[in-house]
Amino acid sequence: MKSHPEISLKVYEEISKELIHRPAFMYNYGVTFFQYGRYAESVKIFEDLRNKFVTLDGMLYLGKSYRAVKQYNDAEKIFKDASFMVPNRLIPKYDLFMLYHEIGDSKKADAVGKEILNMPVKIPSNKVDSMKNEIKKCL
């Protein structure tokens, strides 16, 4: 019996010929590849999506996909671009911070981490608290 990921990806593959031109389909297809650890495929899908339709979530998944395949320079550029798209959002900056932390660039990680910690929180949430606590542990 096939596993859930195999079935999901098989279905996506079968219908992709008909729907690959649709940004919403491309996004979901890329997310599915990412969730199942198929990062090279998710990079390709999210690169294609970026050339057709740019969204913050699509950019973040592209950055995370680049990070997963160790294309750190590409990940950095994407996370910075995502951060500039919506400057008051914590998540793009947090992803950039985590990238710097992963690659051992403590100078850049410290700068981004301090920027995040000094950002005003518009809507308090457990997710924001968790991100800020993680940054404090890393600094």
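Scroll up to find the structure.
Residues numbered from 1 in each chain as written. Predicted model: local features only at pLDDT ≥ 70, side-chain atom pairs only at ≥ 80, totals over all residues. Heavy atoms only, no water.

Undergrad: Tell me what's going on with the pattern of salt bridges, and back it up with residues and numbers.
TA: What the rule picks out here adds up to 9 salt bridges. Between glutamate 14 and lysine 10 there is a salt bridge, with its nearest N and O atoms 3.0 Å apart. Of this pair, glutamate 14 and lysine 10 both sit in helix H1 (residues 4-19), separated by 4 residues, roughly a single helical turn. Residue arginine 38 pairs with glutamate 41 through a salt bridge whose shortest N-O separation is 2.9 Å. On the accessibility criterion, glutamate 41 (29% relative accessible area) is partly exposed. Among the charged side chains, a network of salt bridges with common partners joins Glu76, Lys80 and Lys108. (Salt bridge = Lys/Arg side-chain N within 4 Å of Asp/Glu carboxyl O. Helix = DSSP H or I, 4+ residues; strand = E, 2+ residues; numbered from the N terminus. Buried < 20%, exposed > 50% of the residue type's maximum accessible area, 1.4 Å probe, protein only.)

Undergrad: If you had to explain the environment of asparagine 118 to someone new, which residues and values would you point to?
TA: Mapping asparagine 118 onto the fold places it in helix H7 (residues 106-118). You can call asparagine 118 exposed: its relative accessible area is 66%. Along the primary structure asparagine 118 and lysine 132 are separated by 14 residues, whereas in three dimensions their C-alpha atoms are 9.9 Å apart. In this structure the side chain of asparagine 118 is engaged in a polar contact, spanning 3.0 Å, whose partner is the backbone oxygen of lysine 114. (Polar contact = N/O pair within 3.5 Å; in protein donor to acceptor, adjacent residues only side chain to side chain.)

Undergrad: Any details on H1? Residues and values, ideally.
TA: Helix length check: H1, at 16 residues, gives a terminal C-alpha distance of 21 Å against a target of 22 Å (1.5 Å per residue), a fit within 8%. At glutamate 13, H1 shows its largest bend, some 30°. Looking at the buried side of H1, the elements it contacts are helix H2 (23-35). (Expected span 1.5 Å × (residues − 1). Bend = angle between axes of the 7 residues up to and from the residue. Contact = heavy atoms within 4.5 Å.)

Undergrad: How would you explain H7 if you had to name every residue and give the values?
TA: Between its terminal C-alpha atoms H7 stretches 18 Å, which fits the 18 Å expected from 13 residues at 1.5 Å a residue. Taken together, the buried positions of H7 are Ala109, Val112, Gly113 and Ile116. Seen end-on, H7 carries its buried residues on one side only, within an arc spanning 105°. Turned more than 90 degrees away from the buried face of H7 sit Lys107, Lys114 and Asn118, all of them exposed. Elements in contact with the buried residues of H7: helix H6 (90-103) and helix H8 (126-138). (Arc of directions from axis to C-beta.)

Undergrad: Can you break down a nonpolar patch on the surface residue by residue, with the values?
TA: Residues Ile7, Val11 and Ile15 make up a contiguous nonpolar surface patch of roughly 220 Å² in combined accessible area. Note that valine 11 resides in helix H1. (Patch = residues over 30% accessible without salt bridge, like charges linked within 9 Å, V, L, I, M, F, W, Y side chains within 5 Å. Areas by Shrake-Rupley, 256 points an atom, 1.4 Å probe, with all protein chains shown as cover.)

Undergrad: Describe the packing of H6 against H8, and please don't skip the residues or the numbers.
TA: At a minimum axis distance of 11 Å, the contact between H6 and H8 shows a crossing angle of 25°. By the angle class used here, H6 and H8 are roughly parallel. Note that H6 runs across H8; the crossing there is left-handed. Residue-level inspection shows Leu90, Ile91, Tyr94, Phe97, Met98 and His101 of H6 in contact with H8, the latter providing Lys127, Val128, Met131, Lys132, Glu134, Ile135 and Cys138. (Axes fitted to C-alpha atoms, helices over the stretch in contact; angles between N-to-C directions. Parallel < 35°, antiparallel > 145°, perpendicular 65-115°, else oblique. Left-handed = near helix turned anticlockwise from the far one by under 90°.)

Undergrad: Tell me what's going on with the packing of aromatic side chains, and back it up with residues and numbers.
TA: In total, this model carries 9 aromatic pairs according to the counting rule given. Relative to tyrosine 61, the ring of phenylalanine 34 has its centre 5.3 Å away and its plane inclined at 75°; by these criteria the two rings are edge-to-face. Here tyrosine 61 lies in helix H4 (residues 56-68) and phenylalanine 34 lies in helix H2, a separation of 27 residues in the sequence. On the numbers, 5.5 Å between centres and 5° between planes, the contact of phenylalanine 46 with tyrosine 61 is stacked. Residue phenylalanine 46 is located in helix H3 (residues 39-52), and its partner tyrosine 61 is located in helix H4; the two are separated by 15 residues in the primary sequence. The exposure classification of phenylalanine 46 matches that of tyrosine 61, with both residues buried. In this structure an aromatic cluster arises from ring pairing among Tyr27, Phe34, Tyr39, Phe46 and Tyr61. One residue, lysine 64, lies across the ring of tyrosine 61, its end atom 5.6 Å from the ring centre. (Phe/Tyr/Trp six-rings, centres within 6.5 Å; stacked < 30°, edge-to-face > 60°. Lys NZ or Arg CZ within 6 Å of the ring centre and 35° of its normal.)

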